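Chain and residue survey
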Amino acid sequence: MELCMENGMTMADYFKIEKLDSITDALKEELIEVWEKSVRSSHHFLSEEDLMYYRSRIMDTYFQAVELYVIRQPNIVAFMGLSDEMVEMLFILPSEKGKGLGSSLLDFAITKKRIRKVDVNEQNTEAYQFYLRQGYKVTGKDYTDADGKPYPIIHLEKQMVIQLSEVLEARN
């Protein structure tokens, strides 16, 4: 299923989405800068201590556990981390929000990687509303995050809508 625009392009086609095959120290620093600016603008519920805790986890563990995809203009302005089943992270520079970067990355995850699941902090209402506007539905909730911290996590999934033309094409 592709979300086609009037001209036949998908949202994923509007920005060049690049897979990072290896992560140098310089790339890590650029990614963590995007992450930190994004988190500081949206995760007001985190204490400074928790922010530093997650920063070290991102640098030391999370970046290595996912496939990373970035959008550059020319520096990285947005990135997404994918596991086999879900969007594990999606961060955009605050100055770049509202320009279609997040929608493009999500469309890429769905159309190119067939990944439809995402988790979001319940207190991050901006991101939660963004995913709902993108057509995601709530499938569950955990009252703590994966590290056992008291930050509830909402599980979301986007249902695939298959056009009749796609079914007929698959039969041929």
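Details of the structure are given in the entry above.
Every value quoted in this text rests on a predicted model; they were computed, and no experiment measured them.

Conventions we followed
- Residues numbered from 1 in each chain as written.
- Predicted model: local features only at pLDDT ≥ 70, side-chain atom pairs only at ≥ 80, totals over all residues.
- Heavy atoms only, no water.
- Pairing = 2+ DSSP bridges.
- Helix = DSSP H or I, 4+ residues; strand = E, 2+ residues; numbered from the N terminus.
- Axes fitted to C-alpha atoms, helices over the stretch in contact; angles between N-to-C directions.
- Phe/Tyr/Trp six-rings, centres within 6.5 Å; stacked < 30°, edge-to-face > 60°.
- Buried < 20%, exposed > 50% of the residue type's maximum accessible area, 1.4 Å probe, protein only.
- Salt bridge = Lys/Arg side-chain N within 4 Å of Asp/Glu carboxyl O.
- Left-handed = near helix turned anticlockwise from the far one by under 90°.
- Contact = heavy atoms within 4.5 Å.
- Nonpolar A, V, L, I, M, F, W, Y, C, P; charged D, E, K, R; others polar.

Observations regarding the sheet that holds strand β1 (residues 17–20)
Within the open sheet, the seven strands sit side by side as β1-β2-β3-β4-β5-β7-β6. Their pairing is mixed. The sheet terminates laterally at β1 and β6 (136–142), the two strands that pair on one side only. Across the sheet, the mean angle separating the axes of adjacent strands is 30 degrees when strand polarity is ignored.

Some words on the packing of aromatic side chains
In this structure the tally under the stated criterion is eight aromatic pairs. Note on tyrosine 69 and phenylalanine 108: the rings are 4.9 Å apart at their centroids and 50 degrees apart in plane angle, and the pair reads as tilted. Note that tyrosine 69 is positioned in strand β2 (residues 67–72) and phenylalanine 108 in helix α3 (residues 101–111), a separation of 39 residues in sequence. Of the two residues examined, tyrosine 69 and phenylalanine 108, each falls in the buried class.

Focus on the pattern of salt bridges
Using the criterion set out here, one finds 13 salt bridges in the structure. Measuring nitrogen to oxygen at the nearest pair gives 3.8 Å for the salt bridge that ties glutamate 67 to lysine 19. Residue glutamate 67 is located in strand β2, and its partner lysine 19 is located in strand β1; the two are separated by 48 residues in the primary sequence. On the basis of relative accessibility, which here comes to 29%, the residue glutamate 67 falls in the partly exposed class. With its nearest N and O atoms 3.3 Å apart, the salt bridge here joins lysine 113 to glutamate 67. Note that lysine 113 is positioned in the loop between α3 and β5 (117–121) and glutamate 67 in strand β2, a separation of 46 residues in sequence.

Focus: the pairing of β2
As defined by bridge partners, β1 adjoins β2 across four bridges and the pair is classed as antiparallel. Each bridged residue has a counterpart across the sheet, and for lysine 19 the counterpart in β2 is tyrosine 69. Pairing of β2 with strand β3 (residues 76–82) involves six bridges; the strand directions are antiparallel. Among the inter-strand pairings, arginine 72 is bridged to a residue of β3, identified as isoleucine 76. Here β2 folds back onto β3, and the loop between the two strands holds three residues.

Description of unusual backbone geometry
Omega for the peptide link from glutamine 73 to proline 74 comes to -10 degrees, which places this bond in the cis form. Mapped onto the elements, proline 74 comes out in the loop between β2 and β3. At arginine 114, a position not held by glycine, the phi torsion is positive, near 60 degrees. Following the sequence through the fold, arginine 114 ends up in the loop between α3 and β5.

Regarding the environment of aspartate 84
For aspartate 84, the position within the fold is in the loop between β3 and β4 (86–92). For aspartate 84, a relative accessible area of 79% gives the class exposed. A sequence separation of 30 residues divides aspartate 84 from arginine 114, and the C-alpha atoms of the two residues are 9.4 Å apart.

Side note on the packing of helix α1 (residues 25–42) against helix α2 (residues 48–65)
Direction vectors running N to C along α1 and α2 enclose 145 degrees, while the axes themselves pass 11 Å from each other. Handedness of the α1/α2 crossing: right-handed. Here Lys28, Glu29, Leu31, Ile32, Trp35, Glu36, Val39 and Arg40 of α1 lie close against α2, whose contacting residues are Glu48, Leu51, Met52, Tyr54, Arg55, Ile58, Met59, Phe63 and Gln64. Residue composition of the contact of α1 with α2, by class: ten nonpolar, one polar and six charged.

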